[in-house]
Amino acid sequence: MEYKSSELNTAIRAAQVAGAITREKFGELSQADIRAKEFKDFVTVVDKACEAAISAIIAESFPDDSMLCEEGTVMAGTSGRIWIVDPLDGTLNFIHSFPVFSISIALKDGNNELLTGVVYQPLLDELFTAERGKGAYLNDKKISITSRTDKESFLMATGLPFKEYDDYLESAIGMLKDVMHDSAGIRRAGSAAIDLAYTACGRFDGFWEYRLFPWDFSAGVLLVREAGGIVTNFAGEHNVFNTQSILAGSSVTHPLLLEKTLRHFRT
Ligand code: 2AM
Ligand code: CA
């Protein structure tokens, strides 16, 4: 593992503190700990506790930076840099004691360039890290995007629509049908950050999802790119902050998926 910047060390420390909170409460939530913030979109005391811990650690180390967190913590700094935090990605899984969730922390500069990314899966103690230009790592071991080339062996990942999908349900189903045909299988694990981290290390051969937010994908996008992969939106544009669609894969799988998103989706 290369030298880690103080930004990366801070993100790792924050993710591990939050990870300890999730491990303590996993399988122990009561109804009173859960609230529907929107239709089919939940928040728990654990999301809130993780966000408080992460934002305090980052603010203490980098008081001039801004912060954007899923559960509403905002800091307006002067540096132009923004920390983007999902304190618990996969909240619905967590509520159901389905053991797939993560903590996602990213840092980008004022030009939308991602500098640092951490995705931590606490139950497996798997820490995915990346810094711009320095490669991507899983528990300090360098990782790379898939090298698979035959369609029949691909394991693809996606997120299925779960709310407000009337305008794109047919597109999503058309896309699924096509990828079913061109892969060995498709997984919907429920944490976009994990889907991207698993794509970065070659467990998944590709990933696509519509209607994501920056906290879901920012750290994972840097992981995939630093692992040698390609990430764009569904239109093939590299600025993923323009739209809410994410498409990730290798030089073989990304074009395969892009041809399909261009056919099925308008954005
Ligand atoms: P979250 O747990 O941080 O909210 C992509 O599917 C993303 O949508 C997930 O990473 C998840 O992030 C979010 N999401 C919110 N509500 C969801 C739901 N009911 N089902 C699936 N994903 C949901
Ligand atoms: Ca979340």
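Details of the structure are given in the entry above.
Residues numbered from 1 in each chain as written. Chains lettered and ligands numbered in written order. Predicted model: local features only at pLDDT ≥ 70, side-chain atom pairs only at ≥ 80, totals over all residues. Heavy atoms only, no water.

K.L.:
Which parts of the structure should I look at to understand the overall build of the protein?
P.N.:
Tallying secondary structure elements over the protein gives 7 helices and 15 strands in all. The C-alpha radius of gyration of the protein comes to 17 Å, within 12% of the 18 Å expected for a compact globule of 267 residues. Split into buried and exposed, the 267 residues of the protein put 54% on the buried side. Intrachain contacts of the protein at a sequence separation of at least 6 include 62% that bridge at least 24 residues. With an accessible surface of roughly 11,500 Å², the protein has 52% of that area assigned to carbon and sulfur atoms. Considering the protein, the positive charge centre built from 26 side chains and the negative charge centre built from 37 side chains are found 3 Å apart. (Helix = DSSP H or I, 4+ residues; strand = E, 2+ residues; numbered from the N terminus. Rg over C-alpha atoms; globule rule 2.2 N^0.38 Å. Buried < 20%, exposed > 50% of the residue type's maximum accessible area, 1.4 Å probe, protein only. Contact = heavy atoms within 4.5 Å. Areas by Shrake-Rupley, 256 points an atom, 1.4 Å probe, with all protein chains shown as cover. Lys, Arg positive; Asp, Glu negative; His and termini not counted. Charge placed at Lys NZ, Arg CZ, Asp CG, Glu CD.)

K.L.:
Explain the pairing of strand S11 (residues 155-158) here, please?
P.N.:
The side chains of a regular strand alternate between both faces of the sheet. Note: S11 against strand S12 (residues 185-187), 3 bridges, orientation parallel. Its bridge partner being in S12, Leu155 is matched across the sheet by Gly185. Each parallel crossover has a hand, and the one from S11 via helix H4 (residues 169-181) to S12 is right-handed. With 3 bridges joining them, S11 and strand S13 (residues 206-209) adopt parallel strand pairing. Within S13, the position partnered with Ala157 by the bridge is Phe207. (Pairing = 2+ DSSP bridges. Right-handed = clockwise from strand over helix to strand, strands pointing away.)

K.L.:
Can you help me understand the site of ligand 1 in this one?
P.N.:
Taken together, 17 residues form the shell around ligand 1, and within it Asp86, Asp89, Gly90, Thr91 and Glu209 come nearest. At 2.8 Å, a backbone N or O of Thr91 approaches an oxygen atom of ligand 1. Glu209 is positioned such that a nitrogen or oxygen atom in its side chain is 2.7 Å from an oxygen atom of ligand 1. Protein chains bury 91% of the 470 Å² of accessible surface belonging to ligand 1 in isolation. The site holding ligand 1 turns out to be the largest pocket. Elements with a minimum of two residues in the shell around ligand 1: strand S5 (82-89) and helix H3 (91-95). (Near = heavy atom within 4 Å. Polar contact = N/O pair within 3.5 Å; in protein donor to acceptor, adjacent residues only side chain to side chain. 1 Å grid on protein atoms, 1.4 Å probe; cavity = no way out; pocket = protein on both sides within 12 Å on 5 of 7 lines; lining within 4 Å. Sits in = over half its atoms within 2 Å of the grid points.)

K.L.:
What am I meant to see in the packing of H4 against helix H7 (residues 253-264) here?
P.N.:
For any two helices packed against each other, one specifies the crossing angle of their axes together with the interaxial distance. The contact between H4 and H7 brings their axes to 9 Å, and the two run at 150°. For the element pair H4 / H7, the angle class is roughly antiparallel. The handedness of the crossing between H4 and H7 is right-handed. Counted together, Ser171, Gly174, Met175, Asp178 and Val179 of H4 and Leu257, Lys260, Thr261, Arg263 and His264 of H7 form the full contact between these two elements. Grouping the constituent residues of the contact of H4 with H7 by class yields 3 nonpolar, 4 polar and 3 charged. (Axes fitted to C-alpha atoms, helices over the stretch in contact; angles between N-to-C directions. Parallel < 35°, antiparallel > 145°, perpendicular 65-115°, else oblique. Left-handed = near helix turned anticlockwise from the far one by under 90°. Nonpolar A, V, L, I, M, F, W, Y, C, P; charged D, E, K, R; others polar.)

K.L.:
What is the right way to look at the packing of helix H1 (residues 6-25) against helix H2 (residues 45-61) in this model?
P.N.:
Axis separation between H1 and H2 bottoms out at 9 Å; the angle between their running directions is 160°. With respect to their mutual orientation, H1 and H2 come out roughly antiparallel. Judged by the sense of rotation from one axis to the other, the crossing of H1 with H2 is right-handed. Here Thr10, Arg13, Ala14, Val17, Ala18, Ile21, Thr22 and Lys25 of H1 lie close against H2, whose contacting residues are Val45, Val46, Ala49, Cys50, Ala53, Ile54, Ile57, Ile58 and Ser61. Each residue belonging to the contact of H1 with H2 can be placed in one class, and the counts come to 12 nonpolar, 3 polar and 2 charged.

K.L.:
What is the right way to read the sheet that holds strand S10 (residues 141-143) from this model?
P.N.:
Each strand in a sheet pairs with another by means of backbone hydrogen bonds, the pair being arranged parallel or else antiparallel. In space, the 8 strands of this open sheet follow the order S4-S3-S5-S6-S7-S8-S9-S10, with mixed pairing throughout. Because the sheet does not close on itself, it has two edges, and the strands there are strand S4 (74-75) and S10. Contacting S5, strand S6 (102-108), strand S7 (114-121) and strand S8 (126-131), H1 crosses the sheet at an angle of about 25° to S7. Against the sheet, helix H5 (residues 192-200) contacts S5, S6, S7, S8 and S10, and its axis sits at roughly 105° relative to S7.

K.L.:
Can you walk me through the coordination of the calcium ion (ligand 2) in this structure?
P.N.:
Metal coordination angles in their ideal form are 109.5 degrees for the four-donor tetrahedron and 90 or 180 degrees for the six-donor octahedron. Coordination of the calcium ion (ligand 2) by the protein is provided by Glu70 (OE), Asp86 (OD), Asp86 (OD) and Leu88 (O), with metal-donor distances spanning 2.1 to 3.1 Å. Sequence spacing of the donors to the calcium ion (ligand 2): E-x15-D-x1-L. Looking at Asp86, the relative accessible area reads 0%, which means it is buried. For Leu88, a relative accessible area of 1% puts it in the buried group. (Donors = N, O, S within 2.8 Å, 3.2 Å for Na, K, Ca; no water.)

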